[in-house]
Amino acid sequence: MPKTRAQKLVVIEALTSALKASPNGVFTDFERLTMGDLDSFRAEARKQGVRYTIVKPTLVQIAAKAAGIEGLSIEKTGKTYGLAWGGADEVSLAKLVNDFAKKSDDRVHIALGIVNGQIVEAATVKQLANLPSQKELLGRLVGSLQAPTYNFVYSLNWNLQSFYNVIKAIETSKS
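Rules used throughout
The residue numbers shown here count from 1 along each chain, following its written sequence. Only residues with pLDDT of at least 70 are given local features in this predicted model, and only at 80 or more are side-chain atom pairs given and counted; all residues enter the totals for whole chains, interfaces and linings. To get the side-chain values, all heavy atoms of the structure are used, and hydrogens and water are removed first. Criterion for a salt bridge: a side-chain nitrogen of Lys or Arg within 4 Å of a carboxyl oxygen of Asp or Glu. Helix numbering and strand numbering both begin at the N terminus, where a helix is a DSSP run of H or I of at least 4 residues and a strand a DSSP run of E of at least 2. Patch members must show over 30% relative accessible area and no salt bridge, and they are joined within 9 Å when carrying like charges or within 5 Å when they are nonpolar side chains of Val, Leu, Ile, Met, Phe, Trp or Tyr. Calculation of accessible area relied on Shrake-Rupley with a 1.4 Å probe; when residues are assessed, cover is drawn exclusively from the protein chains displayed. Counted as positive: Lys and Arg. Counted as negative: Asp and Glu, with His and the chain ends omitted from the count. Charge coordinates come from a single atom per side chain, which is NZ of Lys, CZ of Arg, CG of Asp or CD of Glu. Using only the protein atoms, space was sampled on a 1 Å grid; points where a 1.4 Å probe fits but cannot get out form cavities, open sets with protein on both sides within 12 Å along at least five of seven lines form pockets, and lining residues are those with an atom within 4 Å of a point. Grid points are joined across faces, edges and corners, and a volume is the space filled by probe spheres set on the points. Residues are sorted three ways: Asp, Glu, Lys and Arg are charged, Ala, Val, Leu, Ile, Met, Phe, Trp, Tyr, Cys and Pro are nonpolar, and all the rest, Gly among them, are polar. Strand pairing is assigned whenever DSSP identifies at least 2 bridges connecting the two strands. In this analysis an axis means a line fitted to C-alpha atoms, helices contributing only their contacting stretch, and an angle means the value between N-to-C directions, from 0 to 180 degrees. Residue contacts are defined here by distance: any two heavy atoms, one from each residue, within 4.5 Å place the two residues in contact.

**Concerning the pattern of salt bridges**
Phase 1 of the analysis: In total, this model carries one salt bridge according to the counting rule given.
Phase 2 of the analysis: Taking the shortest distance from any N to any O, the salt bridge between D37 and R107 comes out at 3.0 Å. Placement of the pair is D37 in helix α2 (residues 35-47) and R107 in the loop between α4 (90-103) and β4 (108-115), with a sequence separation of 70 residues.

**Re a positive patch on the surface**
Phase 1 of the analysis: On the surface, K3, R5, K8, K56 and K76 cluster together into a patch of positive charge.
Phase 2 of the analysis: In this structure, K56 sits in the loop between β2 (50-55) and α3 (57-67).

**Quick notes on the layout of surface pockets**
Phase 1 of the analysis: Quantified by volume, the largest pocket comes out at close to 220 Å³.
Phase 2 of the analysis: Lining the largest pocket, in full, are E44, Q48, A88, D89, V91, S92, K95, L96, D99, S133, Q134 and K135.
Phase 3 of the analysis: Elements represented by at least two residues in the lining of the largest pocket include exactly α4 and α6 (134-174).
Phase 4 of the analysis: Take the lining of the largest pocket: its biggest share by element is five residues, from α4.
Phase 5 of the analysis: Residues of the lining of the largest pocket, tallied by class, amount to three nonpolar, four polar and five charged.
Phase 6 of the analysis: The volume enclosed by the second largest pocket comes to roughly 170 Å³.
Phase 7 of the analysis: Around the second largest pocket, the lining residues are K3, V11, A14, L15, T53, I54, V55, K56, L59 and W85.
Phase 8 of the analysis: Only α1 (5-21) and β2 provide two or more residues apiece to the lining of the second largest pocket.
Phase 9 of the analysis: Looking at side-chain class alone, the lining of the second largest pocket contains seven nonpolar, one polar and two charged residues.

**So, the sheet that holds strand β3 (residues 80-86)**
Phase 1 of the analysis: Taken in spatial order, the five strands make up an open sheet running β2-β3-β1-β4-β5, and their pairing is antiparallel. Edge positions in the open sheet fall to β2 and β5 (118-121), since each of these has one partner strand only. Going across the sheet, the axis of each strand differs from the next one's by a mean of 25°, ignoring polarity.
Phase 2 of the analysis: The strands touched by α1 within the sheet are β2, β3 and β4, with β3 carrying the most contacts at an inclination of about 45°.
Phase 3 of the analysis: Where helix α5 (residues 122-130) meets the sheet, its contacts fall on β1 (25-30), β4 and β5, and the angle it forms with β4 comes to roughly 85°.

In short, geometric facts, not functional conclusions.
Here's what the structure looks like:
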C-alpha cells in the first residue's frame, strides 16, 4: 500500500534530521537480502553507534536537499536502497558497510557515500574502508614513540650481557 503524503513528510523529516546530525553516510543497494541478514547487520551496526534504514530514492533526495547536501542523485533501478549513518568517524562507517557488502555474496553494493557533507563515489568509500582505523593508527604511533626507548634499553643491556658472558667464559676457562 503506498504511503500517504503525510507519511512521506514524516519520513523526509526523519531523514533530514539524520543527515544533518551525521556528516557521514553510506548508501547501499541490495537485492535478495533476507531479513535475518539485515537484522544481524543492524545489530552489529548499533554496537558501533551506526543506524541503518531502508530508504526510497526520491525521499532521500528531498531530505538531502533540505539538509544542505547538494548533488545527491540515486537512480531508480528497481533495487532496494539503504542508508547507514552515524558512527565514530567516516572510516569506521565505511569499514562496517564494506564488510557487510563483502559478506553478502554480491547481494549488497555500495552505491555512494557522504563524507563531511559532500557526496563521494562508491570507490572513495571503498578506499576509506581500506584505511587503518583510528585505534590501529594510535597503536602504530605508540609503537613508534616507544621504539627509541626500547632500543636504548636493549643496547645498555647488551653491553652488560656481553660483559657477563666474558666473565663467565673466563671463569669456565680457569676451572
